[in-house]
Amino acid sequence: MKRTGFVYDEKYLLHDTGGYHPESPERLAVIHTRLAESGVLDKLTRIVAERANQRWIEAVHSIRYITRFDEACLYGLNEFEHADNAICRETFDVAFYAVGGVLKAIDAVMKGEVDNAFCAVRPPGHHAEMDKPMGFCYFNNVAIGARYLQKEHGIERVGIIDFDVHHGNGTQHIFDRDPTVMYYSIHEHPSFAYPGTGRDFESGIGEGEGYTINSPVLPGRGDEEYRRLIMQDMVPAFKKFQPEFILLSAGFDAHVSDLMSGTNLTTDGYDFISEVVMNLVNRFAGGRVVSVLEGGYNLEVLPLLVENHIKILADMK
Amino acid sequence: MFVSGRMSKDLITAGPDITIFEAKKIMTEKNIRHLPIIDAAGKLIGIVTDRDVRDAMPSTLLKKADYELTLAKIMNFPVSDIMTRNPLTIYAYYTIQDSLLVMQQKKVGALPVIDEEGYLKGILSTRDLINAFVNIMNIDEPGTLLCIVVKEQQGQMKKIVDIVTEEKISLGSVLVARFWDEEKRAIFPYLLTNNVINVKKKLLDMGFEIIDPMKWYLDQLPKK
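Here the structure is a predicted model, which is why all the values come from computation and not from measurement.

Cut-offs used in this document
- Residues numbered from 1 in each chain as written.
- Chains lettered and ligands numbered in written order.
- Predicted model: local features only at pLDDT ≥ 70, side-chain atom pairs only at ≥ 80, totals over all residues.
- Helix = DSSP H or I, 4+ residues; strand = E, 2+ residues; numbered from the N terminus.
- Buried ≥ 20, exposed ≤ 12 C-beta atoms within 10 Å, placed from the backbone.
- Contact = placed C-beta atoms within 7 Å.
- Rg over C-alpha atoms; globule rule 2.2 N^0.38 Å.
- pLDDT = per-residue confidence, 0-100.
- Pairing = 2+ DSSP bridges.
- Axes fitted to C-alpha atoms, helices over the stretch in contact; angles between N-to-C directions.
- Domains from an automatic or database assignment.
- Nonpolar A, V, L, I, M, F, W, Y, C, P; charged D, E, K, R; others polar.
- Expected span 1.5 Å × (residues − 1).
- Bend = angle between axes of the 7 residues up to and from the residue.
- Parallel < 35°, antiparallel > 145°, perpendicular 65-115°, else oblique.
- Left-handed = near helix turned anticlockwise from the far one by under 90°.
- Core = buried A, V, L, I, M, F, W, Y, C linked by C-beta atoms within 7 Å.

### A look at the overall build of chain B
Then comes step 1: A tally of helices and strands in chain B yields nine helices and 11 strands.
Then comes step 2: The dimensions of chain B, computed from C-alpha atoms along their principal axes, are 75 × 45 × 30 Å.
Then comes step 3: Taken across its 224 residues, chain B has 25% of its residues classed as buried.
Then comes step 4: Of all intrachain contacts in chain B linking residues separated by at least 6 positions in sequence, the fraction that spans at least 24 positions is 65%.

See below:
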């Protein structure tokens, strides 16, 4: 078994999206409850989140954007620049702790205190652009983590694997000119699903050409298509790129019973993804991976999928 | 909605007496495929397309010397010799939907826009129309496409719109596919949100059938 770190903080529940929003505090609460009841939590190493230093957030987001976000929360607005992005007064602060949790998890892996880690954080991050909130996301937790790995820990090549059912437009755009960060996303096809990007021909720009890879999945398709695309698009690219560290944008909304999407990935399909990812992580990144929660909205399935994912990270399964 | 808001007003035009060579140069430099020809007063008298120019050119299969000799003979002809006189025109008060129809039926790539006295006011190209429809359908904004199958009866669209409104979701556009099935239609609302769970639940509760759009697509493929 591996030593797997776990980031969770009750502060994450304070990001109140108004009671009717699918990106709700209950998402984390049900994950935590299930991990506690199944005994998995006891086998994980708890990592205590801290408030991130703003300079790491500034490595990805503009200061003007950070200020607008701060002000929207201070003014007590209930949305930030789009009705999707529900906020409350605490959201700004919680978002700092979400980033901080990811950075602490990275530190723990880099110091060898744990082998890998899962961050049960919210708000999620992969839609957040340099200067724009989108799709329930404010700070791009994973993108900030990648910059932190490079600047604070001297990692040169960071791999990001995003298996949320939606394309991580924010992460792609932040790194699309950057050959030091390989971004791979598998998601529901942009003709049908939010946010409408992530076509297979979006493959990076300029020097970054070839370091962005997208595998769109048509609605109605599931395990078989995921398996085919992952083996065809992701595995060879990561073998070639040889990432030193892998970050995961772990979204569990591609599941057949998650109404947010039209894809039909099963629980076994999710296990397959986690297993392939861990093979890559062990082979190329010295086992170093930090997995960060993105979407997943079916409160009955989400905790099970997260538990299975963590078990595969921890080699318990 | 109206041509006036979508046409190019920044006009590149020429008089009828310029040479074919000059016309070709203008079109290449300005990266345009349609050059309206106006008289001294500014009234539209014709239009030259890149195809008109190309048709006038000597064959590229000719030997270099022959090519250049023929080219020299051609290039000084006035553009009025190759332009389309009295081209199909529209007015600025046409709707863009109507212009789309005109372009489809008349198979032209651009429509000069004139006023009632015949003065050239603008030009509407397929590129302008593409931009207009992308914008009108809001498909350049992030959103989610639903596919709802409804019975062919009045009031169905209202119910869908009501649910979308209740959920405070902005509707980007709605497309309706009429020949889905004899008694049914497929409605494709494009919702400007990531948040489609509650709207889907309500539609299902109301008895609507939400389908995987690929099923609709596969049904459209020709049967072998």
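Having seen it, we continue.
### Focus: the overall build of chain A
Then comes step 1: Helix and strand counts for chain A come out as nine helices and eight strands.
Then comes step 2: For chain A, the C-alpha radius of gyration of 17 Å lies close to 20 Å, the compact-globule estimate for 317 residues.
Then comes step 3: Dimensions along the principal axes, computed over C-alpha positions, put chain A at roughly 50 × 50 × 40 Å.
Then comes step 4: Within chain A, residue pairs in contact and separated by at least 24 positions form 75% of the contacts whose partners lie at least 6 positions apart.

### Remarks on the confidence of the model for chain B
Then comes step 1: Overall, the prediction assigns chain B a mean pLDDT of 92, with 96% of residues at 70 or greater.
Then comes step 2: Across the whole predicted complex the pTM is 0.90, and at the interface the ipTM reaches 0.86.

### Topic: the sheet that holds strand S3 (residues 84-85) of chain B
Residues and elements named next belong to chain B.
Then comes step 1: Taken in spatial order, the three strands of this open sheet run S1-S2-S3, and their pairing is antiparallel. The two strands at the open ends of the sheet, each matched to only one other strand, are strand S1 (34-38) and S3.
Then comes step 2: Where strand S2 (residues 44-49) meets S3, two bridges bridge the pair, whose relative direction is antiparallel. Considered in S3, the bridge of Gly46 is made with Arg85.

### Observations regarding the pairing of strand S6 (residues 212-217) of chain A
All names here are of chain A.
Then comes step 1: By the criterion of burial, S6 is predominantly enclosed, with six of the six residues buried.
Then comes step 2: Every second residue of S6 is oriented toward a common face, with Thr212, Asn214 and Pro216 on one face and Ile213, Ser215 and Val217 on the other, all of them buried.
Then comes step 3: Of the pairings in the sheet, the one linking strand S5 (residues 181-188) to S6 comprises six bridges and is parallel in character. Following the sheet pairing, Tyr183 is matched in S6 by Thr212.

### What about the sheet that holds strand S7 (residues 245-250) of chain A?
Residues and elements named next belong to chain A.
Then comes step 1: Strand order across the open sheet formed by eight strands is S2-S1-S3-S8-S7-S4-S5-S6, with parallel pairing between neighbours. Each of the sheet's edge strands pairs with one partner strand only, and the pair in question is strand S2 (45-47) and S6. Recorded for the sheet is a direction-independent mean angle of 15 degrees between the axes of neighbouring strands.
Then comes step 2: As defined by bridge partners, strand S1 (residues 4-7) adjoins S2 across three bridges and the pair is classed as parallel. Looking at the pairing, Gly5 lines up with Thr45 of S2.
Then comes step 3: Running over the sheet, helix H4 (residues 91-110) touches S1, S2, strand S3 (116-119) and strand S8 (289-293) and is turned about 170 degrees from S3.

### Concerning the domain arrangement of chain B
Quite often, the size of an interface is put as the accessible area lost when its parts meet.
Then comes step 1: Split by domain assignment, chain B resolves into domain 1 (3-135) and domain 2 (144-220).
Then comes step 2: Put simply, the middle of domain 1 of chain B and the middle of domain 2 of chain B, counted by C-alpha atoms, are 42 Å apart.

### Focus on the interface of chain A and chain B
Then comes step 1: Tallying the contact residues gives 21 residues for chain A and 17 residues for chain B.
Then comes step 2: The residue makeup of the side of chain A that touches chain B, split by class, is 14 nonpolar, six polar and one charged.

### Digging into helix H7 (residues 223-241) of chain A
All names here are of chain A.
Then comes step 1: In this model, H7 (19 residues) spans 25 Å end to end at C-alpha, consistent with the 27 Å of a helix rising 1.5 Å per residue.
Then comes step 2: Ile230 marks where H7 bends most, by close to 35 degrees.
Then comes step 3: Among all positions in H7, only Tyr226, Ile230, Met234, Phe238 and Phe241 are buried.
Then comes step 4: Lining the buried residues of H7 we find strand S4 (158-162), S5, S6 and helix H8 (267-284).
Then comes step 5: A positive phi of about 55 degrees marks Gln242, the residue just after H7.

### A word on the environment of A:Glu244
All names here are of chain A.
Then comes step 1: Here Glu244 shows up in the loop between H7 and S7.
Then comes step 2: Among the residues examined, Glu244 registers 18 C-beta atoms within 10 Å and is labelled partly exposed.
Then comes step 3: For the pair Glu244 and Glu156, spaced 88 residues apart in sequence, the C-alpha separation works out to 7.2 Å.

### A look at the packing of H8(A) against helix H9 (residues 302-313) of chain A
Residue and element names in this part refer to chain A.
Then comes step 1: At a minimum axis distance of 9 Å, the contact between H8 and H9 shows a crossing angle of 30 degrees. When the axis of H8 is compared with that of H9, the two are roughly parallel. For the crossing formed where H8 meets H9, the hand is right-handed. Residues Thr267, Tyr270, Asp271, Ser274, Glu275 and Met278 of H8 lie in contact with H9, whose contacting residues are Leu304, Leu305, Asn308, His309, Ile312 and Leu313.
Then comes step 2: Each residue belonging to the contact of H8 with H9 can be placed in one class, and the counts come to six nonpolar, four polar and two charged.

### Quick look at the environment of A:Gly296
All names here are of chain A.
Then comes step 1: With respect to the helices, strands and loops of the structure, Gly296 is situated in the loop between S8 and H9.
Then comes step 2: On a C-alpha basis, the gap between Gly296 and Met260 in space is 8.3 Å, while along the polypeptide they are 36 residues apart.
Then comes step 3: In this structure Gly296 touches Arg27, Gly251, Phe252, Asp253, Asp258, Leu302 and Leu305, once residues within four positions along its chain are discounted.

### Comments concerning the packing of H7(A) against H8(A)
Residue and element names in this part refer to chain A.
Then comes step 1: Where H7 meets H8, the axes come as close as 10 Å, and the angle between the chain directions of the two elements is 10 degrees. For the element pair H7 / H8, the angle class is roughly parallel. Note on element contacts: H8 touches H7 through Asp268, Gly269, Phe272, Ile273, Val276, Leu280 and Phe284, opposite Asp223, Tyr226, Arg227, Ile230, Val235 and Phe238.
Then comes step 2: Considered class by class, the residues forming the contact of H7 with H8 number nine nonpolar, one polar and three charged.

### Describing the nonpolar core
Residue and element names in this part refer to chain A.
Then comes step 1: Grouped together as the largest cluster of nonpolar side chains are 121 residues, with contacts concentrated most on Val99, Ala117 and Cys119.
Then comes step 2: Here the element with the most residues in this core is H4; it accounts for 13 residues.
Then comes step 3: Beyond its immediate sequence surroundings of up to four residues, Cys119 is in contact with Val7, Gly101, Val102, Ala105, Val290, Ser291, Val292 and Leu293.

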